[in-house]
Amino acid sequence: MFINDFKIAWRQLKKQKMYAAIKIGGFALSITACLLIALFIRDELSYDRSYPDTDRIYRLVAQFKDNGKVGKGWSFPPPMAKVIKSDFPEVENTARIMPSALFDGAGSNQIRPTDILQNTYEGRFAYADQGLLDILKLPMVYGNRATALAEPNTMVITKSMADKYFPDQNPVGKTMILNENKDRIYRVGGVIQDFPVTSHFPFRFLLTLTGHELWPGEQTQWASSNYGVYTLLKKGTNAAALQNKLKLILNRYYLPVLRSAGVKDPEGIIKDVHILLQPVADVHLRSVDIDDWQSKGDIRFVWLFGAVACFILVIACINFINLSTARSANRAKEVGLRKVVGSRRRGLMQQFLTESILYSFASFVLGILLTVLLLPYFNQVAAKSLVIPWKAWWLLPSLVLGAVAVGFAAGLYPAFYLSAFKPVKVLKGELAGGSKSSFLRNGLVVFQFATSVALIVCTVVVYRQTHYLLNRNAGFDKDQVLLLQGTGTLDPKTTLPGLKNELLNVAQVKHVSISDYLPVAGTKRDGNPFFKEGRTKEDAAVGGQKWYVDVDYIKTMGMKMASGRDFSKEMASDTASAVINEAMVKALGLKSPAVGQRITNGWETFTVIGVVKDFNFETMRQHVEPLCLAMGRFNASSIVAVKINPADLKNTIASLTAVWKKFAPNQPIRYTFLDENFASMYADVQRMGNIFSSFAILAILIACLGLFALSAFMAEQRTKEIGVRKVLGAGVGQLAVLLSKDFVKLVLIALAIATPFAWWVMNQWLQDFAYRISIDWWMFLIAGLLVLTVALITISFQSVRAALANPVKALRSE
């Protein structure tokens, strides 16, 4: 019976080539979208699930109030990991980690084996405890995991780095020099397998924290926070119950420190602080509100793209349903005759479902081929390295099951509808005209175009917001600023100042500044509490940033002074002075102008000599925070900013390279541009816009395929009516309007339905940005006009073709 159903289905497919092509093509495009999004979602949901004890590994997160706002952070004082392990028996192990970018500027390091003179730039460094290897149970290639980071001045490197620097060797025991610091030579304590791409640990070099201090006595202080803390809980531990107990740490250790420092209302501060346990598997997708060093995803986008995939698949199913029910007259006689000769409704439904599943299988084959072709483009758009898991045992069964499920879902209603025809009415010719009007079919067309309109509106809003972020006045001049990186290998007292002076002698160079603190993500930060001088015990602390800069920093960055003056070489007192931003003036409640007033972070006191206008030094998802610029005390600096004249960029770069070779002959020059670094801060927003636009185009294409087929069928059904109207004098334009107006009405209804939904979705998304555009009426007008234009082009092709047909052929039988 199944073979007979299959034969009939195959005949129907060959008989209706155009409609079959549209059904299969629409299905294939939607399946391609679903497969691409499914690969994306699978990749996002697989982060940090490869560790043997994933379900017992947690990251500590601090929730607090800062300047009246609730915030979350990842950093804790040095002793935190140790006291959690000692004070709570539920904790099996703890470990700290500090990404190098937080301490070494941009995290750019020059490294070389001790027997090689040539430095090589590498990124992805972090300081870590031995316990991190134990908690994650990282697979070792060489060395003993239990002791790889246990001794001072040791490092663990990944296999790819071992193959690069020590090919065909066991690197354990080999030594390496970091940033030409020959006073601290690192010994390789072990080699681990590279972290998987689905890990929030992107590191290639782990430097031991054993015996390491940022400054003398730092490891015992509770007053500074620079370390992420990971915990491994004992089996059977209730994480929620333990989280409630962590408040004891605040009372036991933090409170005495705050009291001894004379901080105002220490109990009130502690009351607003909570220590949370975040499962390691949640770090990548559920850390949007946590201020950390991560490049992370967003669970909301995962579900949003999943919904987009479902909508696109539904659009294709709608095409199938609409074409199947619209062409019901073509199958009515077949149904009537089958019932007369004894066929039951169940058998007819089986026949129609077999046809639907056949279409689905053909679509899946084509969809898989399209996925293979489009995957490189999708990887580029989504910044991923997705691959189809051909060898996975579940792939083929999943595709087969998916093809059956999609075919069944799309064909179920047409099967019910077509198998319900009564043979008496069919054979009397009462269904000869076909299904010309259907409330359900119109409703499905409205759904298709409402989805398309919503996707277009989302695309327009995302692109407008991206353009706004990239072109809004950020308060500094990001153009023509070259960032010369890797300067941490130069002596900060002699060679680095010499490099700056030589660069200033290059004709195309306007200004040069030495500082690791830059107004773009990935550079150094230093959070501090600030007070008015003499008010540390009376006032609540104001959280802000303290940046060390040189006398040319403000000029190089093109920042504007609101009042007072910039730093000056001629003023020796400027080493104890500060330039603060307007946000700091407001947060501290300083009298205007603030020049001459004194502020402190509790251990340093600065005289304010100037106020710089606010500039965005973090992403525009947040408001400008208080900032204090102080004269630099450079032990080393890995970045030199060079303001250049863009007139002859090629020769300028050549001149800079020549200067660089004089000071670092064994190290290749490496540079980026500030505007590129600024744009990369919003790469996720740009990716989202590209993905939305791609799927919006796909949704419109699938919807228009269905509309093309429907308009062709409707024109076919109204052939005689058109012939009569032409004989009575109707023009081509009138007939085209007649055939198009019903579809235009449906598109307008779709626009009305999609508008409030798209506005709500995009308004929710824009709430993530402190600086954002408003959603204007013209965005919906553009989306509506675009969809309407595409729909009209699609419909009018068939409408004009029908209007130009010879009426004699249509009326010959009358």
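Quick notes on the rules
- Residues numbered from 1 in each chain as written.
- Predicted model: local features only at pLDDT ≥ 70, side-chain atom pairs only at ≥ 80, totals over all residues.
- Heavy atoms only, no water.
- Salt bridge = Lys/Arg side-chain N within 4 Å of Asp/Glu carboxyl O.
- Helix = DSSP H or I, 4+ residues; strand = E, 2+ residues; numbered from the N terminus.
- Buried < 20%, exposed > 50% of the residue type's maximum accessible area, 1.4 Å probe, protein only.
- Core = buried A, V, L, I, M, F, W, Y, C linked by side-chain atoms within 4.5 Å.
- Contact = heavy atoms within 4.5 Å.
- pLDDT = per-residue confidence, 0-100.
- Polar contact = N/O pair within 3.5 Å; in protein donor to acceptor, adjacent residues only side chain to side chain.
- Pairing = 2+ DSSP bridges.
- Phe/Tyr/Trp six-rings, centres within 6.5 Å; stacked < 30°, edge-to-face > 60°.
- Lys NZ or Arg CZ within 6 Å of the ring centre and 35° of its normal.

Thoughts on the pattern of salt bridges
Here's step 1: A full pass over the atoms with the stated rule returns 30 salt bridges.
Here's step 2: Close ionic contact of Asp43 with Lys384 constitutes a salt bridge, the shortest N to O distance being 2.6 Å. With a gap of 341 residues between them, Asp43 in helix H2 (residues 17-45) and Lys384 in the loop between helix H12 (345-382) and helix H13 (395-419) connect regions that are remote in the sequence.
Here's step 3: Given the relative accessible area of 16%, Asp43 is considered buried.
Here's step 4: Its salt-bridge partner being Arg535, residue Asp539 comes within 3.0 Å of it at the nearest N-O pair.
Here's step 5: Take Asp539: its relative accessible area is 22%, and that puts it in the partly exposed class.
Here's step 6: Take Arg535: its relative accessible area is 35%, and that puts it in the partly exposed class.
Here's step 7: Through salt bridges with shared partners, a single ionic network connects Lys500, Asp550, Asp552, Lys555 and Asp566.

Quick notes on the nonpolar core
Here's step 1: The biggest cluster of nonpolar side chains holds 134 residues, and the ones touching the most others in it are Phe449, Val461, Trp547, Ile580, Ile599, Phe695 and Trp765.
Here's step 2: Ignoring anything within four residues of it in the chain, the contact list for Trp765 reads Phe301, Val461, Val462, Gln465, Val685 and Met688.

Digging into the confidence of the model for the chain
Here's step 1: Taken residue by residue, the chain gives an average pLDDT of 85. The fraction at 70 or more is 87%.
Here's step 2: With pLDDT under 50 throughout, residues 102-107 is counted as low confidence; its partners more than four residues away or in other chains account for 29 contacts.

Quick notes on the side chain of Asn119
Here's step 1: Structurally, Asn119 is set in the loop between strand E5 (109-113) and strand E6 (120-122).
Here's step 2: In terms of polar contacts, Asn119 uses its side chain to reach the side chain of Glu180, at 2.9 Å.

Quick word on the environment of Gly558
Here's step 1: Mapped onto the elements, Gly558 comes out in the loop between helix H17 (553-557) and strand E20 (561-564).
Here's step 2: Measuring from C-alpha to C-alpha, the distance between Gly558 and Lys643 comes to 9.2 Å, with 85 residues separating the pair along the chain.

Points about the pairing of strand E23 (residues 605-612)
Here's step 1: Here E23 lies mainly inside the structure; six of its eight residues are buried.
Here's step 2: Pairing geometry for E20 and E23, over three bridges, is antiparallel. Among the inter-strand pairings, Ser563 is bridged to a residue of E23, identified as Val611.
Here's step 3: When strand E21 (residues 577-581) meets E23, the two strands line up parallel, connected through five bridges. Of the residues in E23, the one forming a bridge with Val579 is Gly610.
Here's step 4: Counted between consecutive antiparallel strands, the loop separating strand E22 (residues 598-600) from E23 contains four residues, among which Gly602 sits at a positive phi close to 105°.

Considering the packing of aromatic side chains
Here's step 1: Throughout the structure, instances matching the rule amount to 20 aromatic pairs.
Here's step 2: Where Phe201 meets Phe203, the ring centres are 6.5 Å apart and the plane angle is 50°; that geometry is what we call tilted.
Here's step 3: Between the aromatic rings of Trp547 and Phe617, the centroid separation amounts to 5.1 Å while the plane-to-plane angle is 70°, which identifies the pairing as edge-to-face. Linking Trp547 in strand E19 (residues 542-549) with Phe617 in the loop between E23 and strand E24 (627-631), this pair joins segments that are 70 residues apart in sequence.
Here's step 4: Residue Trp547 is classed as buried on the basis of its relative accessible area, which comes to 0%.
Here's step 5: Site record: aromatic cluster; members linked through ring pairs are Phe476, Tyr517, Trp547, Phe615, Phe617, Phe678 and Tyr682.
Here's step 6: Taking the ring centre of Tyr227 as reference, the NZ or CZ of Arg96 above it sits at 4.9 Å.
Here's step 7: Positioned over the ring face of Phe678 is Lys478, at 4.7 Å from the centre of the ring.

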